[in-house]
Amino acid sequence: MIPAAFDYARPATVAEAVGTLDGAAEDEAKVLAGGQSLLPLLRLRLAFPSLVVDVGRIPELRGVREDGDSLVIGALTTHHDVIRDPLVRRHAGLLAAATATVADPAVRHRGTLGGSLAHADPAGDLPAVALALDAELVAEGPGGRRTVPAREFFVDYLQSALRPDELLVEVRIPKKDGWGFHYEKFSRTAQAWAVVGVAALVRREDGHIAESRIGLTNMGSTPLRASATEAALAGAPVDAVARAAESAADGTQPSADPSASPEYRAHLARVLTRRAVLAALG
Amino acid sequence: MTRISVKVDGTAYEDEVEPRLLLIHYLRDRLGLTGTPIGCDTSNCGACTVDLDGESVKSCSVLAVQADGSEVTTVQGLATNGSRHPLQKAFHEQHGLQCGYCTPGMIMAARDLLAENPDPTPDEVRHALEGNLCRCTGYQNIVRAVLAAARQDTPARVPAQEAAL
Amino acid sequence: MTDQITEPAGTGREVGRSRPRKEDARLVTGQTNWTDNISVTGLLYLAIVRSPMAHARIDRVDVSPALERPGVVAAFSGRDLAGGMGSLPCAWPVTEDIVLPDHPPIAVDEVRYAGDPVAVVVARDRYAAADALEAVEVDYTPLPPVLDLQAALAEGAPLVHADKGTNRCYDWPLATGESFDAVRERADVVLKRRYHQQRLIPNAMEPRAVVVTPLAASGEYTLYSATQIPHVLRIMLSMVTGVPEHKLRVVAPDVGGGFGSKLQVYGEEAIALAVARELGRPVKWTESRSEGFLATHHGRGVIQDIEVAATREGRLLGLKVDLLADMGAYLMLVTPGIPILGAFMYPAIYKMDAYEFNCTGVFTTRTPTDAYRGAGRPEATYAIERIMDELAAELGLDPVELRRRNWIRHEEFPYTSIAGLTYDSGDYEAATEKALALFGYDDLRSEQQKRNERGDTVRLGIGVSTYTEMCGLAPSRVLRDLRYAAGGWEAASIRMLPTGKVEVVTGTSPHGQGHVTCWSQIAADVLGVPFEDVEVVHGDTKAAPQGMDTYGSRSLVVGGAAVHHAARKVVEKARKVAAHLLEASEHDLEFTDGVFSVKGSPDARKTIQEIAFETFSSHDLPDGMEPTINAEHLVDPENFSYPHGTHLCAVEVDTETGRTLIRSYVCVDDVGRVVNPMIVEGQVHGGLAQGIAQALYEEAVYDDEGNLVSGTLADYLVPSAVDLPEFVTDRTETPATSNPLGAKGVGEAGTIASTPAVVGAIVDALRPLGVTDVRMPCTPQRVWEALRDARAQKGETS
């Protein structure tokens, strides 16, 4: 199918992009990064922006750098580059591992970290990972930059905390050196969306679990943390994982679709959380 | 209308295009490069896979304006000096195609894999092709073809059953 | 016809050889000719407004706002075009009293499925056409959807076709042998099961497309379509649109897969022809994938009640089958006949005393169903193989042993099955023994036992499918008896060109099967000419005027046989010329490797290619001889052919998540003699993929309103390379006796055999946990639910 007509702007800088968005009224402008979520929506005519702002040629939005205890990833950094980036692999291995499960190689060449997060699809793999990593999302608008913690960024289904005149510019991730990690994705076919995904980070200390971070994919209208499980794991011995995982679905509100019922999703969340945490423990 | 300049299979083009024009339609309808087909509207099937500046992309999910200033290689631009690309030969020799509709995309996706991983395992080949659907072959001979192209010294396959019967 | 053979068929140098395909050179380099590639000066693009509702009255259609849109040339409602198009045809009214509703290519008064066309817009490019769709105004009054097959038959149910007074399309009964009630009386064991064949979306990789170029002055039209059936399409479109048949040329250019979905006469083909005639301009329509999900026919959609009666020793006494088959909203080309094809296959390879069958066709407000790879036979094979597993479990027998106790033994061929088919050849023992050995059946069974005893979380299951099917559609007299409107013959002709090259003209219409290569191999052998010297012409009613096209694993068995016979006629004609030129008696001539030579004087020789030139020049032909050695031959098969085989599948089922992984898959197929083993193997692979996809992944899901929920490839899960295993394939060979090639057909075997092997394996893995069925597709959730329900039931009973 074929997109409806739209105007097109290709700003060269973040400031120019923000200026362009600022001039456009709500719901009329869409930011185009890699386009791997937006283009199918345009083609199916599920989105009708009057203006598409292509930020794909803004070099300052691309790349990975260190900033003290944090890793700073430009919003436009592609999945392909995230997976292979040595800094990401060293300090945020969970992100590299989970990104490798996103879509397929051709889509990963175009799709971007920022685009995936800004799309705020709870079935996407990376929102739950950002949540588990306690990432901070940096948005730039007409009034300057602001930082939004991941747990405040995902507001509702396909809805982020970004304002219509804001651009997601970078993602700051606290380094998780020494943490074990695993992304357990459960999908019906290789290409399909995750029925449920579990992003687990675990820090061991003296043979027990010091602390954990567990993000859940597709267990509600936003990505969620398995807080009850995290609490149960804090300071617990390794053999407490199975029991702790039993509370992984507490407080979630998974949806129903042809792939899975809410009940089944809750069951999967418990099983996959146990497996993800055990895998993260190594 | 937006002005773009794109090099496709070694030829430079300049065109005025609507911003919404998909790269696949630019290739097929404007440039007449119909070797790359289109198979879906959700970027799942991969039939339209081309190389954009050295990386495989699904040309149904790229706007022509996004390819401005870029180089595109399609299945029609793979042969060099009249000689077919090793993948094109291998798909033929290993019976890696039946109807052939997915073949351009398969070849372009496999080419991308081999550029990064010249000696993949069968499992790596399968994962590299996970975004390209084929309805005819069950993929087995496609995997064989990619492996054969990777190790070009491998002799053309004679099925065990032919030898047996 | 086969008993006419008087000497060995060909050199045997080509047939049996894995020739890489002639078709590939263009396909791997992108020098293709898909219908959507076709571009002509002044081409206009069609786009179709479709019903967003499953069932509604059309109160008003106003296309005029679309005409205001830039680039729009014309727009038509159903009523605007109704005068120029009749009802779309159903060529298989399976019973005398079948309900045959009117099927306008564009709905006029009522829409009956989400996707039913209501208007067409015509624009200068495809973007303008897509935009104009939104401008067409349609008012609907919703009517109740009809979705449940059983409820649809109840008194007072809402009707899909109100004028017909019923949703019951037909009842088609068959009863042979003793009465089932009688054998049930004396049976030790009677089992009854219900199986669901979910709706499938065929998903040929090339979406459908049609291009029509008119020559207005002479009223001639060329229609290019992504179709499997250019010849049938020409006849039918002529009848639907009134364009005289001799003024209509139909071309199937490169066609990217079909699997039955392009065995159809589609509304869009008629619409394109009608619009081209109306406007006198060339037009093109290409469906998008998600549009095709609504507009291209679906497959399967059957509820199967199957009952089996047997002795304690496991001897089958009888079989009773009752089907409810979802026709969808209208009867398309062969919609009603699909389950009837299956009617003959439920008894499969087994001997029994009684067989009763009934199929009730039911209208629903969903996309029409029709042929999808296997067409009736996968459904039958699934049900019988699944219930054989149940019977084995009931009797405590190994499922292979139960089959062995019932199948037709090799020495019993030819054997007339209880359903009345005469199986001409086969060796179920040989295929099964070979498969069991390749699979390592005994080792897997002992591993399974150990794991069950340990109570492993991940269980091992083994599935068995010993299938047969009927191919080579079809003997015309049988088709008459089944009330199919056409015959089942196939045509071939061979043109010997002056330079000695050969053109084989075939009535089959390949779309991935490799006919060009295989027909070249057949002709090269019989004529004794190089493979490279043969070209194959197909898929164009002007160039290949006679044919019945490609479906039902018929092409090699019927069409390939026609090529063989035509080539033999060429040799016989050439023999007369050679005898004349060599001044010898025809009886003194030998023909070897393309050379006629006089017995005893080897220097006196002429090649058939030289004779082609001598015939062209015609300077010195036998008196009274027509100056040609070209020949044509039409084959009407005397019987179906019956491939068979044994498929074994091992699965690992995660009882926590419900996920199934195929650990190994072994199949040994007997498809008779093989022309090109590499192509046969490829056909098996692809067939397996589709059969496995039905077992595990694919389903057209509708909501309660009748909207297709699995409406894109993101929701309808076609498996990728990661989702399918590496297959182990092998063959046994008992030649078919009904054609000179000994071939049985292979296009559908893998699909027919594999679905029950996979589901049977899943159930086998879970049977110790109380599971006896998982509904297809066996999604992780369904497996998990089956386990949960089994646990609950155990809890109740204990």
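Residues numbered from 1 in each chain as written. Chains lettered and ligands numbered in written order. Predicted model: local features only at pLDDT ≥ 70, side-chain atom pairs only at ≥ 80, totals over all residues. Heavy atoms only, no water.

### Some thoughts on the overall build of chain C
Item 1. Looking only at helices and strands, one finds 21 helices and 28 strands in chain C.
Item 2. The C-alpha radius of gyration computed for chain C amounts to 28 Å, which stays within 12% of the reference 28 Å derived for 798 residues, consistent with globular compactness.
Item 3. C-alpha extents for chain C along the principal axes are approximately 95 × 75 × 50 Å.
Item 4. Taking all 798 residues of chain C together, the buried fraction comes to 67%. (Helix = DSSP H or I, 4+ residues; strand = E, 2+ residues; numbered from the N terminus. Rg over C-alpha atoms; globule rule 2.2 N^0.38 Å. Buried < 20%, exposed > 50% of the residue type's maximum accessible area, 1.4 Å probe, protein only.)

### Here's the deal with the overall build of chain B
Item 1. Each helix and strand in chain B was counted, giving six helices and five strands.
Item 2. Ordered by position in the sequence, the α and β elements of chain B form the string β-β-α-β-β-β-α-α-α-α-α.
Item 3. Here the C-alpha atoms of chain B give a radius of gyration of 17 Å, agreeing with the 15 Å that 2.2 N^0.38 yields for 165 residues.
Item 4. Summarising its shape, the C-alpha atoms of chain B cover approximately 65 × 35 × 25 Å along the three principal directions.
Item 5. The buried share among the 165 residues of chain B stands at 66%.
Item 6. The long-range share in chain B, meaning contacts at least 24 apart out of those at least 6 apart in sequence, stands at 54%.
Item 7. By element, 46% of the accessible surface of chain B is carried by carbon and sulfur atoms, the whole surface being about 5300 Å².
Item 8. Computed over 14 positive and 21 negative side-chain charges, the separation of the two mean positions in chain B equals 7 Å. (Contact = heavy atoms within 4.5 Å. Areas by Shrake-Rupley, 256 points an atom, 1.4 Å probe, with all protein chains shown as cover. Lys, Arg positive; Asp, Glu negative; His and termini not counted. Charge placed at Lys NZ, Arg CZ, Asp CG, Glu CD.)

### Brief notes about the domain arrangement of chain B
Residues and elements named next belong to chain B.
Item 1. Taken domain by domain, chain B comprises domain 1 (2-76) and domain 2 (86-155).
Item 2. For domain 1 versus domain 2, the distance between C-alpha centres works out to 22 Å.
Item 3. Each side of the interface is counted separately: domain 1 has 18 residues, and domain 2 has eleven residues.
Item 4. Carbon and sulfur atoms make up 55% of the surface buried where domain 1 meets domain 2, a total of about 1100 Å² over both sides. (Domains from an automatic or database assignment. Buried area = accessible area lost by both parts, 1.4 Å probe.)

### Re the environment of Arg84(A)
Item 1. Take Arg84(A): it is sitting in helix α3 (residues 79-84).
Item 2. By relative accessible area, which is 38% here, Arg84(A) ends up partly exposed.
Item 3. When the C-alpha positions of Arg84(A) and Ala97(A) are compared, they lie 10.0 Å apart, and in sequence the two are 13 residues distant.
Item 4. Leave out the neighbours within four places in its chain, and Arg84(A) touches Arg89(A) and Glu116(B).

### Here we look at the packing of helix α11 (residues 377-395) of chain C against helix α12 (residues 399-406) of chain C
Residue and element names in this part refer to chain C.
Item 1. Relative to each other, α11 and α12 sit at 105 degrees, their axes nearing to 9 Å. As judged from the angle between their axes, α11 and α12 are roughly perpendicular. In this structure, α11 uses Glu385, Met388, Asp389, Leu391, Ala392 and Leu395 to contact α12, whose residues at the interface are Pro399, Leu402, Arg403 and Asn406.
Item 2. Split into classes, the residues belonging to the contact of α11 with α12 amount to six nonpolar, one polar and three charged. (Axes fitted to C-alpha atoms, helices over the stretch in contact; angles between N-to-C directions. Parallel < 35°, antiparallel > 145°, perpendicular 65-115°, else oblique. Nonpolar A, V, L, I, M, F, W, Y, C, P; charged D, E, K, R; others polar.)

### Section: the interface of chain C and chain B
Item 1. Contacts between the two partners involve 63 residues from chain C, matched on the other side by 52 residues from chain B.
Item 2. Taken together, the two surfaces of chain C and chain B that pack against each other cover about 4900 Å², and 54% of this comes from carbon and sulfur.
Item 3. For the chain C face of the interface with chain B, the top three residues by lost area are Val28(C), Tyr127(C) and Met205(C), together amounting to 17%.
Item 4. Viewed at the interface, chain B and chain C are joined by six salt bridges. (Salt bridge = Lys/Arg side-chain N within 4 Å of Asp/Glu carboxyl O.)

### Let's talk about empty space enclosed by the protein
Residue and element names in this part refer to chain C.
Item 1. Within the structure shown, the criterion is met by twelve cavities of 30 Å³ or more.
Item 2. The space that makes up the largest cavity amounts to roughly 750 Å³.
Item 3. Around the largest cavity, the lining is made up of 47 residues, and of these Tyr551, Gly552, Ser553, Arg554 and Gly747 lie nearest the centre.
Item 4. Elements with a minimum of two residues in the lining of the largest cavity: α10 (338-343), α16 (515-527), α17 (555-582) and α19 (677-696).
Item 5. Residues of the lining of the largest cavity, tallied by class, amount to 24 nonpolar, 18 polar and five charged. (1 Å grid on protein atoms, 1.4 Å probe; cavity = no way out; pocket = protein on both sides within 12 Å on 5 of 7 lines; lining within 4 Å. Points joined across faces, edges and corners; volume = space filled by probe spheres on them.)

### Observations regarding the interface of chain A and chain C
Item 1. Chain A puts 25 residues into the contact, and the matching count from chain C is 27 residues.
Item 2. Summing the contributions of chain A and of chain C, the shared interface buries around 2200 Å²; its carbon and sulfur component is 55%.
Item 3. Interface area lost by chain A to chain C is led by Ile2(A), Arg188(A) and Tyr264(A), which between them contribute 28%.
Item 4. In this structure, the connection of chain A to chain C is made through six salt bridges.
Item 5. Arg45(A) is paired through a salt bridge with Glu134(C); the nearest N and O atoms lie 2.8 Å apart.
Item 6. The tally of links from chain A across to chain C stands at 14 residue pairs in polar contact (both at pLDDT 80 or more).
Item 7. Breaking the side of chain A that touches chain C down by element, the ones donating at least two residues are β11 (180-187) and α12 (262-281) of chain A.
Item 8. With eight residues, the single largest contributor to the side of chain A that touches chain C is α12(A).
Item 9. Among the residues forming the side of chain A that touches chain C, the class breakdown is 15 nonpolar, five polar and five charged. (Polar contact = N/O pair within 3.5 Å; in protein donor to acceptor, adjacent residues only side chain to side chain.)

### Notes on the sheet that holds strand β11 (residues 248-251) of chain C
Residues and elements named next belong to chain C.
Item 1. One open sheet holds the seven strands; their spatial order is β3-β5-β1-β12-β9-β10-β11, and the pairing between them is mixed. The open sheet has two edge strands with one neighbour each: β3 (72-77) and β11. In this sheet, neighbouring strand axes are inclined to one another by 20 degrees on average, regardless of whether the strands run parallel or antiparallel.
Item 2. Sheet topology places strand β9 (residues 209-215) next to strand β10 (residues 220-225); six bridges connect them, and they run antiparallel. Looking at β10, one finds that valine 212 is bridged to leucine 223. (Pairing = 2+ DSSP bridges.)

### Things to note about the pattern of salt bridges
Item 1. Across all of its chains, the model carries 103 salt bridges over all chains by this definition.
Item 2. Ionic pairing is found between Arg3(B) and Glu16(B), a salt bridge with its closest N-O pair at 3.0 Å. Residue Arg3(B) is found in strand β1 (residues 2-8), and its partner Glu16(B) is found in strand β2 (residues 11-17); the two are separated by 13 residues along the sequence.
Item 3. Across the pair Arg19(C) and Glu14(C) runs a salt bridge, and its minimum N-O distance is 2.8 Å. Neither Arg19(C) nor Glu14(C) differs from the other in exposure class; each is buried.
Item 4. One connected set of salt bridges, linked through shared partners, spans Asp134(A), Arg203(A), Glu205(A), Glu211(A), Arg213(A), Arg225(A) and Glu230(A).

### Points about the pairing of strand β28 (residues 727-731) of chain C
Residue and element names in this part refer to chain C.
Item 1. Here β28 lies mainly inside the structure; four of its five residues are buried.
Item 2. Sheet analysis places strand β27 (residues 660-670) next to β28, joined by five bridges and oriented parallel. Opposite valine 666, over in β28, you have valine 728 as the bridge partner.
Item 3. Once you follow β27 into α19 and on to β28, the crossover reads as right-handed. (Right-handed = clockwise from strand over helix to strand, strands pointing away.)

### Considering the packing of aromatic side chains
Residues and elements named next belong to chain C.
Item 1. What the rule picks out here adds up to 18 aromatic pairs over all chains.
Item 2. On the numbers, 6.2 Å between centres and 85 degrees between planes, the contact of tyrosine 665 with phenylalanine 727 is edge-to-face. On the criterion of sequence distance, the pair formed by tyrosine 665 in strand β27 and phenylalanine 727 in strand β28 is long-range, its members being 62 residues apart. Here the two residues tyrosine 665 and phenylalanine 727 agree in accessibility, since each one is buried. (Phe/Tyr/Trp six-rings, centres within 6.5 Å; stacked < 30°, edge-to-face > 60°.)

### Things to note about unusual backbone geometry
Item 1. Cis geometry is found at the peptide bond from Leu473(C) to Ala474(C), where omega equals -5 degrees.
Item 2. Note that Ala474(C) resides in the loop between β18 (458-468) and α15 (476-481).
Item 3. Cis geometry is adopted by the peptide bond preceding Pro777(C), which originates at Met776(C) and carries an omega value of -10 degrees.
Item 4. As for its placement among the helices and strands, Pro777(C) is situated in the loop between α20 (749-766) and α21 (780-797).
Item 5. Notably, Ser43(B) is not glycine yet its phi reads approximately 65 degrees, a positive angle.
Item 6. Judged by relative accessible area, which is 9%, Ser43(B) ranks as buried.
Item 7. Backbone geometry places Glu583(C), a non-glycine residue, at a positive phi of 55 degrees.
Item 8. Summarising the element assignment, Glu583(C) is placed in the loop between α17 and β22 (589-592).
Item 9. Among the residues examined, Glu583(C) registers a relative accessible area of 76% and is labelled exposed.

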